[in-house]
Amino acid sequence: MYPVTLIPGDGIGPEVALATQRLVDATGVRIQWDVQEAGGGVIKEHGTPLPDSVLTSIRKNRVALKGPITTPVGVGFRSVNVALRKELDLYANVRPAKVYPGIPTRYTDIDLVIVRENTEDLYAGVEYMVGDDVAQSIKIFTRKGCERIVRFAFQYALREGRRRVTAVHKANIMKCTDGMFLETARGLAKDYPDIEFDDMIVDAMCMRLVQAPEEYDVLVMPNLYGDIISDLCAGLVGGLGVVPGANFGHNYAVFEAVHGSAPDIAGQNKANPTAMMLSGMHLLKHLDEATAAQRMERAITAVIAEGQTVTGDLGGTASTEAFTEAVLAKL
Ligand code: NAI
């Protein structure tokens, strides 16, 4: 029995989390779910959107499956997602982008992974007004932060049998911050002679990803570029509804879809649970339940390939529940 923290989140979170929980349970892997609520809905009761009990649960279980949590724009509390990553030092955000048969997309042959630094950069939250008319935000990189994310990317490539790591940066303009990232990547690449290494400026990377995404394998990059490029890659492989993700630190792993709480379709039984289900699949892999993970991936992708019971974002009319039932039946 594996203890796993489950944070349903808000918006479409509870819908896609429940679908995933059902599917993981149906594989036969025995998981003891510790359900923890976080986000705007718990502020009244706990005085914070991230109660201590959530962190305590993850620290105890070391593994969590998390639904999306809404972050108010401009006002209100800071992002629970960012706070969670900081509190647990989840420095590596991994976002695989893979085309599965049956998903409407311009490309057929993409299988790349974005490794995004998750704790530094402009997300450090050091932002202030200088007088009334100037706003300043500080971009922070540390050598330790650069080293551990680049090393993670190479180790990941080795573990997953991948052949190439590309470092993405803007070191031509930001010579200190991005310069340090690039220099670190070039230095560490020498420790991994079996993995091909190259680097690319972030704007050129965007163009190449649209022109020839099949050329790329593992892309490692600082926080902000990772945020943007991972959504770009989600678009290349069929949209936010199908892209899983995971956050890793030295001690903890939190699995979550790339997408947000999708307030425009929340509560309507319309959300595509694939992204969250694939995140659950990666969670099973992390627990060394490779066979169950493979069965789960096959069931999800078979239903998508058949195209009969898919959600609106993939051109179908099926509800979240109908898709989930189809995947469960396939499993
Ligand atoms: P979003 O990802 O929630 O939605 C963008 C568009 O994609 C919407 O049209 C939505 O309907 C669609 N979409 C997203 N997931 C889908 C799914 N599973 N099935 C079908 N369609 C889907 O991004 P948005 O609107 O920028 O953010 C909404 C809220 O979510 C914000 O408060 C944001 O801060 C938060 N957010 C939370 C994240 C997290 O908890 N990890 C990540 C990203 C955003």
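Keep in mind the model is a prediction, meaning the values are calculated, not measured.

Thoughts on the packing of helix α1 (residues 13-26) against helix α9 (residues 274-286)
Each pair of packed helices can be described by the angle between their axes along with the distance between the axes. Here α1 crosses α9 at 40°, and the two axes come no closer than 9 Å. One finds that α1 runs oblique with respect to α9. Considering only the axes of α1 and α9, their crossing is right-handed. In this structure, α1 uses Val16, Ala17, Ala19, Thr20, Leu23 and Val24 to contact α9, whose residues at the interface are Met276, Met277, Gly280 and Leu284.

What about the site of the ligand?
Around the ligand, 21 residues are found, and the nearest of them are Ile69, Thr71, Gly260, Ala262 and Asp264. Within the backbone of Thr71, one N or O atom sits 2.8 Å away from an oxygen atom of the ligand. The contact in question runs from an oxygen atom of the ligand to an N or O atom on the side chain of Asn81, over 2.9 Å. The protein chains hide 69% of the 810 Å² of surface that the ligand would expose on its own. Its residues placed into classes, the shell around the ligand shows nine nonpolar, eight polar and four charged.

Points about the pairing of strand β10 (residues 218-221)
Neither face of β10 is left uncovered, since the one carrying Val218 and Val220 and the one carrying Leu219 and Met221 both have all their residues buried. Looking at chain direction, strand β5 (residues 111-117) and β10 are connected through four bridges and run parallel. Looking at β10, one finds that Val113 is bridged to Val218.

A look at the environment of Gly235
Positionally, Gly235 belongs in helix α8 (residues 223-236). Residue Gly235 is classed as exposed on the basis of its relative accessible area, which comes to 53%. Taking the C-alpha atoms as reference points, Gly235 and Val210, separated by 25 residues in sequence, lie 9.9 Å from one another.

Quick word on the domain arrangement of the protein chain
Its domain assignment divides the protein chain into domain 1 (1-105 + 239-331) and domain 2 (106-237). The centre of domain 1, based on its C-alpha atoms, is set 24 Å off from the matching centre of domain 2. Of the charged contacts in the structure, one is a salt bridge between Arg148 and Asp89, with a shortest N-O distance of 2.8 Å. Summed over the shared surface of domain 1 and domain 2, the result is 13 residue pairs in polar contact (both at pLDDT 80 or more). For the side of domain 1 that touches domain 2, the secondary-structure elements that each account for two or more residues are α4 (80-87), β4 (92-98) and β11 (246-248). Looking at the side of domain 1 that touches domain 2, its residues break down into 14 nonpolar, four polar and seven charged.

What counts and what doesn't
The numbers attached to residues start from 1 for each chain and follow its sequence in the written order. In keeping with the model being predicted, local features are shown solely for residues with a pLDDT of at least 70 and side-chain atom pairs are shown and tallied solely at 80 or more, while totals for entire chains, interfaces and linings include all residues. With hydrogens and water excluded, all non-hydrogen atoms of the structure serve as input to the side-chain values. Each axis is a line fitted through C-alpha atoms, taken for helices only over the stretch in contact, and angles between the N-to-C directions span 0 to 180 degrees. Counting from the N terminus, the helices are the DSSP runs of H or I reaching at least four residues and the strands are the DSSP runs of E reaching at least two. The scheme is simple: roughly parallel for angles under 35 degrees, roughly antiparallel for over 145, roughly perpendicular for 65 to 115, oblique for anything else. Crossings are classed by handedness, with left-handed meaning an anticlockwise turn of the near helix from the far one by less than a right angle and right-handed meaning a clockwise turn. We call two residues in contact whenever any of their non-hydrogen atoms come within 4.5 Å of each other. The criterion for a residue being near a molecule or strand is simple. One of its heavy atoms has to lie within 4 Å of it. Two N or O atoms count as a polar contact when they lie within 3.5 Å, although within protein this holds only if one can serve as hydrogen donor and the other as acceptor, and sequence-adjacent residues are included solely when both atoms are side-chain atoms. In short, Shrake-Rupley with a 1.4 Å probe defines the accessible areas, and a residue's cover is counted only from the protein chains shown. Under the convention adopted here, Pro, Cys and the residues Ala, Val, Leu, Ile, Met, Phe, Trp and Tyr are nonpolar, Asp, Glu, Lys and Arg are charged, and Gly plus all remaining residues are polar. Under the scheme applied here, a residue whose accessible area is under 20% of the maximum for its type counts as buried, over 50% as exposed, and between as partly exposed, the area being computed with a 1.4 Å probe on protein chains only. Should DSSP find at least two bridges between two strands, the strands are taken to pair. Segmentation into domains, and thus their bounds, comes from an automatic or database assignment. For this document, the term salt bridge refers to a Lys or Arg side-chain nitrogen within 4 Å of an Asp or Glu carboxyl oxygen.

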